[in-house]
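A closer look at the structure
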Amino acid sequence: MYWQIEQLSDAEDKSMEDKHMLMIPGPTPVPEKVLLAMAKHTIGHRSPEFSQIMEEVTENLKWLHQTNNDVLIVTASGTGAMEAGIINFLSPGDRVLVGSNGKFGDRWAKISKAYGLEVDTIAAEWGQPLDTEEFRTKLEADTEKQIKAVIVTHSETSTGVLNDLETINRHVKEHGECLIIVDAVTSLGAVNVPIDEWGLDVVASGSQKGYMIPPGLGFVSVSPKAWAAYENCTMPRFYFDLGQYRKSAQKNTTPFTPPVNLIFALQVALQMMKEEGLENIFARHSRLTKATRDAIKALGLPLLAPDECASTAVTAVAPTNVEAEQIRKVMKKHFDIALAGGQDHLKGKIFRIGHLGFVSDRDILTTISSLEITLQQLGYQNPAPKKVVKAASKPLILT
Ligand SMILES: *Cc1c(COP(=O)(O)O)cnc(C)c1O
């Protein structure tokens, strides 16, 4: 007997409200320790107590970013951090090369255009990685050094594709002059992004992704080369003038009132991350990714992104014979598990499983087994019954 979706009770109505499970690529689940830190009384942001916390989080942010560069905190979502990363280092009319193979790549092209930059896009189909050769060709052809920055999304959350940032960055370095500005919103804390080793100039991220804290903070790491560009940049700016943030950070403070309780959360989350260790964090994310992808394959559902460029933050699935939105509805209604849908032209065509941040082996097994039952209830013919959870558990148990 199949379930009638209409007959499933709304999870929101149940007394089990705390069982809500976020399996989306942001906002991501928040650990209890972090939630409790936020419940503390707010303190003044000009107090010595607050400065002490700022000093600690600034140090730990550099650790997480694997850099000695400044890592500045802005009150904004990830988009604000990216906008800050663009408007502080470029001037109207500057030519930029923007990689676009999903919703977020498109967004950086839009922001760049909004600020009067001359945008040249390198596009790829959604679900496919950016072609690094196209970057090489365009950068090599730029003998006049007109290109001022290359802007790329490392992990394209809308499709679950991890772009080959290392290679693109190598071509940027061969060009010699232009900056590399990176959206690392769902790659930082999920996969290796060695900022100093690669020489990444501007790297933006946001709190509700790999950081395991709620939305509201943006982070921008800035290299000395980017600061040199800052000196000549004529873009109008005020709230997001990163020079002010740098000046304040040197005194362990912020130019404007920060969301103090989110900084408490950040302090605890970074301590947790340090305790786990970068290598372990990356290993956990790749293990969860493999488990998810293996299970989806066992279910016989097509993955949107190929294995070679799979994001370790999110897996996009393009189901055939079952409606993606029906799957999401049942998962939410019956199991109280939130999955993400598709964006723009992929709306209704895919669903996305987030495995970013505070996510464990158990969360994947729960999601996969619930998904298997959901598909079965929706009448999907599972090609490998009994093998799906096994496929998911293999990478988890063997590592
Ligand atoms: C979430 C996300 C952002 C930022 O989005 P906000 O809603 O502004 O936080 C940017 N880039 C990518 C790749 C993301 O996943």
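Everything in this summary refers to the structure shown in the same document. Owing to the predicted nature of the structure, the values given are computational and were not obtained by experimental measurement. (Residues numbered from 1 in each chain as written. Predicted model: local features only at pLDDT ≥ 70, side-chain atom pairs only at ≥ 80, totals over all residues. Heavy atoms only, no water.)

Re the site of the ligand
Surrounding the ligand, one finds 14 residues, the nearest of these being S77, T79, T157, D183 and K209. Measuring from an oxygen atom of the ligand, one finds a side-chain N or O atom of Q208 at 2.7 Å. Within the side chain of K209, one N or O atom sits 2.8 Å away from an oxygen atom of the ligand. Summarising the interface, the protein chains cover 88% of the accessible area of the ligand, which totals 380 Å² for the free molecule. Broken down by element, the residue count for the shell around the ligand peaks at three residues, all from helix α4 (residues 103-114). Partitioning the shell around the ligand into residue classes produces three nonpolar, eight polar and three charged. (Near = heavy atom within 4 Å. Polar contact = N/O pair within 3.5 Å; in protein donor to acceptor, adjacent residues only side chain to side chain. Areas by Shrake-Rupley, 256 points an atom, 1.4 Å probe, with all protein chains shown as cover. Helix = DSSP H or I, 4+ residues; strand = E, 2+ residues; numbered from the N terminus. Nonpolar A, V, L, I, M, F, W, Y, C, P; charged D, E, K, R; others polar.)

Details of unusual backbone geometry
The omega angle of the peptide bond from G26 to P27 is -5 degrees, so this bond is cis rather than trans. Phi at M212 is positive, roughly 65 degrees, even though this residue is not glycine. Structurally, M212 can be placed in the loop between β9 (202-206) and β10 (217-222). Exposure remark for M212: the relative accessible area of 5% places this residue in the buried category. (Buried < 20%, exposed > 50% of the residue type's maximum accessible area, 1.4 Å probe, protein only.)

Overview of the nonpolar core
In this structure, I73, F135, L200 and L266 are the most contacted members of the largest nonpolar core, which totals 54 residues. Ranked by the residues each element gives to this core, the list is headed by helix α10 (residues 260-276), at 11 residues. Residue assignment places this core across two domains, with domain 1 (14-25 + 278-393) and domain 2 (32-275) each supplying three or more. Ignoring sequence-local partners within four residues, the contact set of I73 consists of M54, V57, L61, L217, G218, F219, Y245, I263 and L266. Counting residues in each nonpolar core, the second largest holds 34 residues, with I86, V96, A204 and A226 among its members. (Core = buried A, V, L, I, M, F, W, Y, C linked by side-chain atoms within 4.5 Å. Domains from an automatic or database assignment. Contact = heavy atoms within 4.5 Å.)

Quick look at the layout of surface pockets
Empty pockets left among the atoms are what a rolling probe the size of a water molecule brings to light. Roughly 590 Å³ of volume is contained in the largest pocket. At the level of elements, β1 (21-23), α1 (32-38) and α13 (361-377) are the ones that each hand at least two residues to the lining of the largest pocket. Residue composition of the lining of the largest pocket, by class: 11 nonpolar, five polar and six charged. (1 Å grid on protein atoms, 1.4 Å probe; cavity = no way out; pocket = protein on both sides within 12 Å on 5 of 7 lines; lining within 4 Å. Points joined across faces, edges and corners; volume = space filled by probe spheres on them.)

Considering the state of the cysteines
In a disulfide, the sulfur atoms of two cysteines are held together by a covalent bond. Under the definition given, this model contains zero disulfides. Looking at C178, it has no disulfide partner, and the nearest cysteine sulfur is the one in C233, 16 Å off. (Disulfide = S-S within 2.5 Å.)

Geometric values such as these leave the question of function open.
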